[in-house]
Amino acid sequence: MSEVYTVRRALLRDRCAAVGSAAALVSRPANVRYLAGGAPPGAVLLLGPDEDVLVCPRAPTGDSVQGRTDDELRLALLPATDGDPVVAAADLATSSGAESLAVEEHDLTVARHRAMHAVAPRLRLADLGATVEQLRVVKDEEEIACLRIAAEITDQALGELLESILVGRTERHLALELERRLVDHGADGPAFSTSVATGPNSGQGRHRPSDRRVEEGDFLSVCLGANYRGYRCEIGRTFVIGTAPAAWQIDLYDLVFAAQRAGREALVPGAAYRDVDRAARHLLDSAGHGDGLAPWTGHGVGLEIDEDPQLAPAAMGKLDACVPVTVEPGVHLPGRGGVRIDDTLVVRPEADGGPELLTITTKELLAL
């Protein structure tokens with residue numbers, strides 16, 4: 001794996017050199033992990049003309065949560081745990097002879113920016129922008145393997161919940177149980193805060209679990225994901241509790257299912273982001289639900305649960321192969337509830353079988 005990180009850092013170094021900067025400072029945690037293999041809390045990565053240095057407030061532990069740091073990197077530990085690694089890195093860059101330093105301005109506060117200027121007043125700071133995020137969009141097969149395991153863990157946790165008694169239990173209790181099951185099956189933790197929504201709450205994106213109890217006849221919407229070695233996936237399913245679904249529930253479910261299938265089928269290399277969104281959104285809009293739809297149909301996943309690309313109406317760009325994304329249309333009817341169906345997939349060419357579905361829990365409308 002050390003070669004992988006070396007290649008990634010070389011790509012970033014080449015992009016920095018193309019805009020006239022011989023050194024770069026990476027501070028966003030997911031970007032540090034992508035380039036360094038591990039991201040101890042507070043660590044930043046300095047790419048210099050001669051060597052690359054991981055500046056840390058404390059020594060890395062190497063556990064699965066932080067990730068294992070690339071052995072090719074030099075570690076620089078701050079003498080005091082209350083020091084700022086960003087400021088220390090700026091000082092190191094000056095000491096190495098760098099005249100300019102590309103930084104992630106979208107991750108730095110104004111206070112840190114000023115502190116860097118105070119210790120290195122002659123160091124010209126340039127904006128690195130979203131260069132590392134752009135490098136992260138296309139995943140290698142080792143990254144996809146981690147996502148595949150995260151999806152397997154997520155499917156296992158959700159499958160076990162569906163076999164348990166649900167009526168009378170609160171949304172909050174079910175969410176906590178799902179997160180415990182994720183860890184039991186090997187996750188480092190949840191990929192994001194688990195959402196469980198029942199009855200009139202169902203179908204809402206990222207609903208925060210409440211003390212509402214599951215009742216007979218409810219729609220139950222669940223959205224969860226596992227974090228495995230830093231890589232995060234997402235699944236969302238909707239079920240009916242206790243009895244056979246009502247006619248309006250079947251009709252709404254079939255509509256969202258059709259929209260989700262259309263979005264999945266649009267995931268081909270070369271497809272415009274906005275066209276994938278349109279494939280799913282058009283069906284829901286035509287059925288009269290356009291005003292209440294989420295601003296996107298899906299998004300990229302990886303070291304963060306919400307990363308590029310965004311599958312949205314105004315999104316610019318086209319899909320590449322080996323890009324993992326979610327497809328997650330949903331409809332919420334105020335006061336009644338709704339349906340949300342969410343999968344994580346990897347874009348693959350038709351010659352390789354088309355999009356690879358990572359989350360495989362059934363999308364049949366089950367009565368639990």
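About the cut-offs
All residue numbers here refer to positions counted from 1 along the written sequence of the relevant chain. Per-residue local features of the predicted model are confined to residues with pLDDT of at least 70, and side-chain atom pairs are confined, for both listing and counting, to 80 or more; whole-chain, interface and lining totals are unaffected and use all residues. Hydrogens are left out, water is left out, and the side-chain values use all remaining heavy atoms of the structure. Two strands pair if DSSP finds at least two bridges between them. Numbering goes from the N terminus for both helices and strands, where a helix is a DSSP run of H or I of at least four residues and a strand is a run of E of at least two. Interaxial angles span 0 to 180 degrees and are taken between N-to-C directions of axes, which are lines fitted to C-alpha atoms, for helices over the stretch in contact. Exposed residues in this analysis have more than 50% of their type's maximum accessible area, buried residues have under 20%, and partly exposed residues fall in between, with area computed by a 1.4 Å probe over protein chains only. Under the convention used here, Asp and Glu are negative, Lys and Arg are positive, and both His and the chain ends fall outside the count. Salt bridges are defined by distance alone: a side-chain nitrogen of Lys or Arg within 4 Å of a carboxyl oxygen of Asp or Glu. Any two residues having at least one pair of non-hydrogen atoms within 4.5 Å are treated as being in contact.

### Let's talk about the sheet that holds strand S6 (residues 124-127)
Here is step 1: Taken together, 6 strands build an open sheet; the order of strands is S4-S3-S2-S1-S5-S6 and the sheet is mixed. If you trace the sheet from one side to the other, it starts and ends with strand S4 (74-77) and S6, each paired once. Averaged over neighbouring strand pairs, the angle between their axes works out to 25° when direction is ignored.
Here is step 2: Where strand S5 (residues 100-103) and S6 come together, 4 bridges link them in parallel fashion.

### Section: the pairing of strand S15 (residues 324-327)
Here is step 1: Neither face of S15 is exposed, since Pro-324 and Thr-326 on one face and Val-325 and Val-327 on the opposite face are all buried.
Here is step 2: As paired strands, S15 and strand S18 (residues 343-346) are joined by 4 bridges and run antiparallel to one another. Within S18, the residue paired with Val-327 across the bridge is Asp-343.

### A short note on the side chain of Arg-264
Here is step 1: Examined against the element boundaries, Arg-264 turns out to sit in helix H8 (residues 247-265).
Here is step 2: In this structure Arg-264 is buried but unpaired, with Asp-343 as the nearest side chain of opposite charge at 4.1 Å.
Here is step 3: If near-sequence neighbours (up to four positions away) are discounted, Arg-264 is found in contact with Phe-257, Val-327, Asp-343, Leu-345, Pro-355 and Lys-363.

### Let's talk about the environment of Gly-298
Here is step 1: When you line up the elements, Gly-298 lands in strand S13 (residues 298-300).
Here is step 2: For Gly-298, a relative accessible area of 0% puts it in the buried group.
Here is step 3: When the C-alpha atoms of Gly-298 and Ser-195 are compared, they prove to be 17 Å apart, with 103 residues separating the residues in sequence.
Here is step 4: Beyond its immediate chain neighbours, meaning those up to four positions away, Gly-298 contacts Pro-309, Gln-310, Leu-311, Thr-326 and Glu-328.

### A word on the pattern of salt bridges
Here is step 1: Applying the stated criterion to the full structure yields 28 salt bridges.
Here is step 2: One salt bridge connects Arg-136 with Glu-304, and the closest N-O pair in it is separated by 2.9 Å. Within this pair, whereas Arg-136 is found in helix H5 (residues 131-136), its partner Glu-304 is found in the loop between S13 and strand S14 (307-311), the two being separated by 168 residues in sequence. Taken individually, Arg-136 and Glu-304 each receive the classification buried, so the pair is uniform in this respect.
Here is step 3: Ionic pairing is found between Asp-277 and Arg-281, a salt bridge with its closest N-O pair at 2.8 Å. Of this pair, Asp-277 and Arg-281 are both found in helix H9 (residues 273-289), 4 residues apart, which corresponds to roughly one turn of the helix. Summarising the burial analysis for this pair, Asp-277 and Arg-281 share the class buried.
Here is step 4: A single salt-bridge network, built from bridges that share partners, covers Arg-28, Glu-133, Arg-136, Lys-139, Glu-304 and Glu-307.

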